[in-house]
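Letter by letter, the chains look like this.
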Amino acid sequence: MLWKRMQGYKVLWVPGSDHAGIATQVVVEKKIWKEQGVQRKDLTREAFLQEVWNWKKEKGNEIFQQLKVMGASLDWDRACFTMDSRFSQAVTEAFVQLHEQGLVYRDRRLVNWSCALRSAISDIEVENRQLEGRTELSVPGVPGKVPFGLLETFAYKVEGEEGEELPVATTRPETMLGDVAVAVHPDDARYTHLHGKRLCHPFTGHLIPVITDPLVEQEMGTGAVKVTPAHSYADYELAHRHGLPLLSVIEEDGTMTAECGEWLQGLNRFVAREKVLAALKEKDLYRGAKEHPLVLPLCSRSGDVIEILLKNQWFVRCEAMAQKALEAVESGCLKLMPEFHEKTWKTWLLSTGDWCISRQLWWGHQIPAYRVTISGSPGIEEEESDGSWVVGRTEAEARRKAAGMLGKLEKDLVLVRDADVLDTWFSSGLFPFAALGWPHETEDLKQFYPNSLLETGSDLLFFWVARMVMLGKQLTGELPFSQVFLHTMVRDAHGRKMSKSLGNVIDPLDVIHGAPLQILQEKLRSSNLDPREIAIAVEGQRRDFPQGIPECGTDALRFALCTYCAQGNGINLDVATVENANRFCNKVWNAMKFTLAALGEGFNPLDPEEVFPNSPMDKWILSRCYHTAVDCARWFEEYELHSVASSVHLFWLCDFCDVYLESVKPILRSGDPSRLLATRQTLYSSVDLALRLLSPFMPFLTEELWQRLPKKSSGSPPSICVARYPNKEHLTHWCHPEEEANFLLVQEVIKVVRNIRATYQLTKARPAVYVICPEAVPLGAYKNYQEALQTLSLAGSLRLLPDIEGAEPPASCVVARANNHTDIYVDLQGLVDPQKELLKLTSRQQKLDRQLADLTVRMEESRYQEQASLKARTAHQQKVSLLRSELEKVEQAVTTFQKMTTK
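Residues numbered from 1 in each chain as written. Predicted model: local features only at pLDDT ≥ 70, side-chain atom pairs only at ≥ 80, totals over all residues. Heavy atoms only, no water.

Novice: Explain the overall build of the protein residue by residue, including any values.
Specialist: Helix and strand content of the protein: 29 helices and 31 strands. Rg of the C-alpha trace for the protein: 37 Å, well past the compact-globule value of 29 Å for 903 residues, more than 25% over. Projecting the C-alpha coordinates of the protein onto the three principal axes gives extents of approximately 120 × 80 × 55 Å. When burial is assessed residue by residue, the protein has 48% of its 903 residues classed as buried. (Helix = DSSP H or I, 4+ residues; strand = E, 2+ residues; numbered from the N terminus. Rg over C-alpha atoms; globule rule 2.2 N^0.38 Å. Buried < 20%, exposed > 50% of the residue type's maximum accessible area, 1.4 Å probe, protein only.)

Novice: Tell me about the environment of D507, and please be specific about residues and values.
Specialist: Along the polypeptide, D507 turns up in the loop between β26 (490-491) and α15 (508-513). Placed 444 residues apart in sequence, D507 and I63 show a C-alpha to C-alpha distance of 10.0 Å. In this structure, D507 is in contact with Q66 and K523, ignoring residues within four places of it in sequence. Polar side-chain contacts of D507 include one of 2.9 Å to the backbone nitrogen of L509. (Contact = heavy atoms within 4.5 Å. Polar contact = N/O pair within 3.5 Å; in protein donor to acceptor, adjacent residues only side chain to side chain.)

Novice: Describe in detail the packing of helix α22 (residues 673-694) against helix α23 (residues 699-708), supporting the description with residues and values.
Specialist: It is the contact of α22 with α23, at a shortest axis distance of 9 Å, that shows an interaxial angle of 155 degrees. In terms of their interaxial angle, α22 and α23 are classed as roughly antiparallel. The interaxial crossing formed by α22 with α23 has left-handed handedness. Between α22 and α23, the residues in contact are D688, L691, R692 and L694 and T702, L705 and W706, respectively. (Axes fitted to C-alpha atoms, helices over the stretch in contact; angles between N-to-C directions. Parallel < 35°, antiparallel > 145°, perpendicular 65-115°, else oblique. Left-handed = near helix turned anticlockwise from the far one by under 90°.)

Novice: Which residues make up the sheet that holds strand β31 (residues 822-827), and what values go with them?
Specialist: Taken together, 4 strands build an open sheet; the order of strands is β29-β28-β31-β30 and the sheet is mixed. Two strands lie at the open edges of the sheet, namely β29 (797-801) and β30 (813-819), each paired on one side alone. Direction aside, neighbouring strands of the sheet carry axes that sit 20 degrees apart on average. Judged from the 6 bridges that link them, β30 and β31 form a sheet pairing that is antiparallel. In the strand pairing of β31, C813 is matched with D827. Of the strands in this sheet, β28 (768-772), β30 and β31 touch helix α25 (residues 737-759), which is tilted by about 145 degrees from β30. (Pairing = 2+ DSSP bridges.)

Novice: Break down the sheet that holds strand β21 (residues 389-391) for me, with residues and values.
Specialist: Strand order in the open sheet formed by 3 strands is β21-β20-β22, and the pairing between neighbours is antiparallel. Every interior strand has two partners, whereas the edge strands, β21 and β22 (413-417), have only one. When the angles between neighbouring strand axes are averaged without regard to direction, this sheet yields 35 degrees. Direction of pairing for strand β20 (residues 369-374) relative to β21: antiparallel, over a ladder of 3 bridges. From the neighbouring strand, A369 faces β21, where its bridge partner is V391.

Novice: Describe the pattern of salt bridges, naming the residues involved and giving the relevant values.
Specialist: Under the counting rule described, the total for this entry stands at 44 salt bridges. Taking the shortest distance from any N to any O, the salt bridge between R269 and E307 comes out at 2.7 Å. In this pair, R269 sits in helix α7 (residues 269-282) while E307 sits in strand β16 (residues 307-316), placing the two residues 38 residues apart along the sequence. Relative accessible area serves as the criterion here: at 2%, R269 is assigned to the buried category. (Salt bridge = Lys/Arg side-chain N within 4 Å of Asp/Glu carboxyl O.)

Novice: An account of the nonpolar core is requested, with residue identities and associated values reported.
Specialist: The nonpolar side chains of a soluble globular protein tend to be buried with one another. Counting residues in hydrophobic clusters, the biggest one holds 114 residues, and the most contacted among them are W652, F656, L691, L694, F697, Y760 and I824. Here this core gets 11 residues from one element, more than from any other, and that element is helix α21 (residues 641-670). Sequence-distant contacts of F697, defined by excluding residues within four places in its chain, comprise D555, R558, F559, C562, F636, L641, V644 and A645. Formed by 60 residues, the second largest nonpolar core is a distinct cluster that contains A94, F95, V391 and L475. (Core = buried A, V, L, I, M, F, W, Y, C linked by side-chain atoms within 4.5 Å.)

Novice: How would you summarise the state of the cysteines if you had to cite specific residues and measurements?
Specialist: Applying the stated criterion across every chain yields a total of 0 disulfides. Between C632, a free cysteine, and C625, which holds the nearest cysteine sulfur, the sulfur-to-sulfur gap is 11 Å. Judged by relative accessible area, C632 falls into the buried class, the value being 0%. (Disulfide = S-S within 2.5 Å.)

Novice: Could you give an account of the packing of helix α5 (residues 85-100) against helix α14 (residues 461-476), with specific residues and numbers?
Specialist: Two elements in contact, α5 and α14, have axes whose closest approach is 11 Å; the angle formed by their N-to-C orientations is 75 degrees. In terms of orientation, α5 and α14 fall into the roughly perpendicular class. Across the interface between the two elements, A94, Q97 and L98 from α5 touch L471, Q474 and L475 from α14. Taken together, the residues that form the contact of α5 with α14 break down as 4 nonpolar, 2 polar and no charged. (Nonpolar A, V, L, I, M, F, W, Y, C, P; charged D, E, K, R; others polar.)

Novice: Let's hear about the packing of aromatic side chains: which residues, and what values?
Specialist: Within this structure, the stated rule accounts for 28 aromatic pairs. Here the aromatic rings of F154 and Y156 are separated by 5.3 Å at their centres, their planes lie at 70 degrees, and the arrangement is edge-to-face. Y156 matches F154 in its accessibility class, with the two residues each being buried. Cluster of aromatic residues (ring-pair linked, three or more members): W3, F559, F584, F636, F697 and Y725. (Phe/Tyr/Trp six-rings, centres within 6.5 Å; stacked < 30°, edge-to-face > 60°.)

Structural data, given as structure tokens:
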């Protein structure tokens, strides 16, 4: 966003939030129970909705506040909420248009049902939990724990065949009251003699057929499958193929229906399960149980086990829209990033079914559909049919439609609006165009639709992204955006999904402002969590943040988040990473303080196009500026934000602070006017460019520092956020690859000298350094950078050999190799005690000799041991190589100090 604006584009980011129908209703229900001791059903719909709006007013803008503090560049004048009147109008219009196009219809079909919520729920609210075997879980409304992961086997008696039975296996024995058939594979020899036979239901007395179907898995269970089409998607399809009836035996609240008989009616389904198993044992029909892995669908909002129920609901036909969404990606009109999501996109769209969009909630967009009856004609409303429903933008429009459809006078019709609301994802799917004023032809819609980029979590690829694409294409004729950037899930430092019940949710405001442990735990205790969950969460916080969360600031949090690879397997957010980013902020601040002091009063900066450096160090740093800008532009284009952040971080810390600033300090101290002006201009150009490179990540810090820089007499942008982002075209004259290559050689020498200084603890001493390089090319590079080389290696003096005098380094030097053609001699005479150093080195030499001898023996033994892995032998070889290298350095140092001692 900031990057594109700095490039001169007109950009718009519209802030919006959806009403989160299920999640919000659950939260408010818990709130009023905790505070008032009442349930939703104790209130009128209007009273409950007022409670929701009160909660929304109090808590609903927290995300917007977080975004504001985070420095998100949103147009807050255009902020919208899916329950706003303007957006609600768009939702109604979309429903009506889709219904008129034949894409929205009402039907009695299977849906995911949450008994705890008493509502159908979206696929995204279903959490599929993999169980490897018997597992006991708590289920809302059921005392104790319920065992899952068991395959129970019981037998059906065959009609008219004494002693003949057909065993079936199931993980849900309570649904056997809804069995309408038993299916076997037509080629299963075990059951060929039962084809066409009928079975006696042990509790209802009904006779159910044995049918054959090639999709039955012969190896699963007993190879015979009970068919319960009103409570299983697979059985529903099987029943449809064979013309079987549908029998519902579980109510909306999870209790058993009257069709099960008085002995089960009204019992919770899991209590009924145990009663059914006991009754089967009494009738000598139970054949045992075994552990069985399964995927258990759970309601992510309530923790309840999902029930598959047959309900009258509103659906959207998705096949044709899904095909258009699929073609958009295949044709390249819609680009998914990373590209590996395209395969998943294709798989899902090819298999997607019709979308259930009605929810049995109070909070949300009430469906603009009306049940029609004729005044004075009782009984018509008892049997639902397509003809009994009419859709309209208003009740008046619906009444007119109904009168025309039924050939009746409007005054003779009774209309009752559907109490259900629409799936939140239906409303959210309209956001790209509804937020801009659709269905009206607004100026915003003309100017900013289609959008260019959608950035969202990869877990929303189907439930939100695909639906935006399908609805956008269907209702506007255009794709809502051309690019979709999908980031991975942000988890805690241990890789766990963030959850309030674990106490590992990190509020960005707590990281920005800091939060003591006491404050963090007060937030938990004031939440709507169960007391047991609060205890677990409090302990989790105590382990993860024993001292609370330190104050890190907005820019540090933004930068830290961008250093993670958003396209990887997951972002394990560690507050320690944010603290490191905060230290980086301090480094940038201190570098700018130094630069501003060096520029002094009255400095008149030039445009980058006017800066042509002369000295090798100035050429080098500006060439690094150029290549950093090129790298950042390339990575931004590919949305590799972590690579951009890494490039900018590397430039500031290593190139600018550690190298260039240190190298020019002698020049700034010298006061030489001929060199000062060029150095100051390079300093200014470097920090100006580096701040602009950093600005998209750290807008607050960079704005503050950029405003302190001296400005050109005219034409300076008012803010860094609209200053030109550095690009290749304007900086090509700064590109000096030969200087960068030469300085890499110099840095090798600097590294070796500093290692020697660290080894001999030369903290303040400035030793004489001799660089011996017989080859002309590197020696020339060293001469060009000799002043910087001496400064950065902290050398008292530095000589490049061979020189015209043909001098040799003194015997008191310790020797090291910088590269294949350069040796470094550091004179330690008078800087260390040779006797002490010789004693330490001799001891170290003896220890290394013993280690090397021992490791050599073990390596030889492993050559003759068949069980010794190649990996182990390779590890031995690597250790031997390292020891020999270290020993060689120690032996060289011993020789040096022996000469010094002798002298």
